[in-house]
Amino acid sequence: MMPSRSSSRPSNPHIDKLDFDSHRRPPTSHDSLQSSGPAGLLLRDDESFFSNIVDGVIERDRKKMRRHVLKYASFASAILSCLCAGSITAYSLYGPLFLKHLRYSQFQVNAVSTTAELAMYLPVPLFGYLCDRYNPRPLSLVAGLFFGVGYLLAALTYRAGPPRSEGGWPFTIMVLAFVGVGMGTSCMYLSAVTTCAKNFGRGKHKGLALAMPIAAFGLSGMWQSQVGSHFFAQKEDERNGDVDVFRYFLFLAGLLFAVGMVGAVGLRVVGEEEMIDDAVDEMERDGLLQDSPYLQRSLLHDGENGNGYGTLSPHHHDAEASSPASKAHNTETAIKKTMVLNTETRIFLTDPTMWLLAAGFFLTTGPGEAFINNLGTIIHTLYPPSASIPPSNSPATHVSIVALTSTLARLLTGTLSDLLAPTSSHSDAQANKKTFTVSRMSFLLTSTLLFSLGQLILATTAIQSHPPLFPLVSALVGLGYGAIFSLSPIIVSVVWGVQNFGTNWGIVAVVPAAGAAIWGAVYSGVYQAGVERSQIMGEEEQMCYGARCYRSTFWAMAVASWVAVGLWAWAWRRWRARDIAV
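Residues numbered from 1 in each chain as written. Predicted model: local features only at pLDDT ≥ 70, side-chain atom pairs only at ≥ 80, totals over all residues. Heavy atoms only, no water.

*Asks:* Before we go on, may I ask you to explain helix 16 (residues 440–459) in this structure?
*Replies:* If you check helix 16, its first and last C-alpha atoms are 29 Å apart, about what 20 residues at 1.5 Å a residue would give, namely 28 Å. Counting buried residues along helix 16, 14 of its 20 residues qualify, which places the element largely inside the surrounding structure. (Helix = DSSP H or I, 4+ residues; strand = E, 2+ residues; numbered from the N terminus. Expected span 1.5 Å × (residues − 1). Buried < 20%, exposed > 50% of the residue type's maximum accessible area, 1.4 Å probe, protein only.)

Pasting the structure below:
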């Protein structure tokens, strides 16, 4: 038995407070530095102890401030990326000039835009996967390269002239150029939105945090079309507001390349490790990880290091000082992350309501894309070939109307959904104090009906006899289209979480590719049939004029929107049965 401290000092039966410390830790030089004054005076150990506490608090606050700065700097970078990424939405500004200058047919003009949309939507699951598994910054770098090369190639192809003329470049070169534009759009948009979803998706303002970059994406087409029509207008044809396509494409190439480089530095996901740990704990409680080999490996690693499940390695805070511990911690984090993301993807793909959501998205976004891409030719069907189009109905004006109304819808639905969205029975008591709630699905269904109303007005040919009312159609389509694109990713983040948002939203966002291709082909077929009918009747015009150019197309689009409303209402009913407050 070790002799007690009291037996070694029999002359002083008083037990000093440091006597307890001597049994718990080896004596140090500080033990001999006791104060000779009254017992209430601070000892040097106490000074060191409180100094460490203050230093710890300062360091914690410094890290917290750094996280906030990084989070909001990333948000600003994401807004900038989205504010420039939607250049493809200004396609109708120069689409009719492909007919005039390059002598493309309407099928070829639609083939270019459809190819760009296929390149924009088809790789989205892959780009989302890369965002989730790695980080958004490399994707922004790739976006800048795609944009720069794509628009530069398009500019040179346009300057070379019609394919059949001397020196003209083949039509396939223009198609290839817009493949780069489409993929750049996808990369830049997805990297920005995923960053915002992960940084703010667990807060009370997740709707607004997602709506703002999505709204900025809608605004990009507006300001870029205005810049094109005012600063890059053809000097010999300023009356019609036609853009100098060559110089405009060079401007877009330089601008979007620079923005991609900024995003490669500024887009950062903050606190991802804590997000993954929370997801692991939740999945374990739900029994989703019992048979996972990743779970067994993680548990084994935690046991060897004496950690509880879901906790960080004790070497985490001094990882920089211990390279082996840092590597072990990084390996454990990677295992957990892979486990969570794979499980989240499996849950998402096997959920029937996801397919209902995606089907409705397909039935609405396809018509919206076809309308936006063909605004220029739709406007020309309202006026005889010999008539001039007034500035109030120019393609640039309607691109701006669609962009403004779309942006307004995105901001309103994002903000109102944060304020009015219902909460589930598992939410905290404070959240349940809301006296008036409106589901995000109510906003979505109402917006879709407004969207179909614009198509219905065109289908009934009311605009053909009153062309000045065409801005009403653009406004209705813009409102519905913007709200659908704003609410859909918010609903994905609410129903299935943000840990795997890039992959989940990428899977849903791929369906507009098929929708744009199908509805673009339908519009082109109806339009071209109208052109051929005019030629049979002896008219010399190469562009279609009259309601026959579009009537049946927009009847079909309106019906498709109503079907989407039914599918989304069905999904909403199933979410309510599962107590998912959307």
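*Asks:* Any chance you could explain the packing of helix 5 (residues 124–133) against helix 18 (residues 501–509) here in plain terms?
*Replies:* In helix packing, the relevant descriptors are the interaxial angle and the interaxial distance, both defined with respect to the helix axes. Taken N-terminus to C-terminus, the directions of helix 5 and helix 18 make an angle of 175°; their axes are 7 Å apart at the nearest point. When the interaxial angle is binned, helix 5 and helix 18 end up roughly antiparallel. Between helix 5 and helix 18, the contacting residues are Val124, Pro125, Gly128, Tyr129, Asp132 and Arg133 on the first element and Phe501, Gly502, Thr503, Gly506, Ile507 and Ala509 on the second. Classifying every residue of the contact of helix 5 with helix 18 gives six nonpolar, four polar and two charged. (Axes fitted to C-alpha atoms, helices over the stretch in contact; angles between N-to-C directions. Parallel < 35°, antiparallel > 145°, perpendicular 65-115°, else oblique. Contact = heavy atoms within 4.5 Å. Nonpolar A, V, L, I, M, F, W, Y, C, P; charged D, E, K, R; others polar.)

*Asks:* Could you clarify how one ought to interpret the packing of helix 13 (residues 352–373) against helix 17 (residues 470–496) in this entry?
*Replies:* Where helix 13 contacts helix 17, the axes come no closer than 10 Å and their chain directions differ by 155°. One way to sum up the angle between helix 13 and helix 17 is to call them roughly antiparallel. Relative to helix 17, helix 13 is oriented so that their crossing is left-handed. Where helix 13 approaches helix 17, its residues Thr353, Met354, Leu357, Phe361, Thr364, Thr365, Gly368, Glu369, Phe371 and Ile372 are matched on the opposing element by Phe470, Val473, Ser474, Val477, Tyr481, Ile484, Phe485, Ser488, Val492 and Trp496. Classifying every residue of the contact of helix 13 with helix 17 by side-chain character gives 13 nonpolar, six polar and one charged. (Left-handed = near helix turned anticlockwise from the far one by under 90°.)

*Asks:* Could you clarify how one ought to interpret the side chain of Arg440 in this entry?
*Replies:* Within the element layout of this structure, Arg440 appears in helix 16. Arg440 gets classed as buried once you look at its relative accessible area, which sits at 4%. Residues in contact with Arg440, not counting those within four places in the same chain, are Lys206, Ser417, Asp418, Ala421, Leu487, Ile490, Ile491, Val494 and Val582.

*Asks:* Could you clarify how one ought to interpret the environment of Ala475 in this entry?
*Replies:* One can find Ala475 in helix 17. Linking Ala475 and Leu404, residues 71 residues apart in sequence, is a C-alpha distance of 8.4 Å. Apart from the residues within four sequence positions on either side, Ala475 is in contact with Ile401 and Thr405.

*Asks:* Can you walk me through helix 8 (residues 206–231) in this structure?
*Replies:* For an α-helix the count is 3.6 residues per turn, leaving residues at separations of three or four pointing the same way. A rise of 1.5 Å per residue sets the reference length of helix 8, with its 26 residues, at 38 Å; its end C-alpha atoms lie 37 Å apart and thus fit the reference within 8%. The largest bend in helix 8 comes to about 30°, at Leu219. (Bend = angle between axes of the 7 residues up to and from the residue.)

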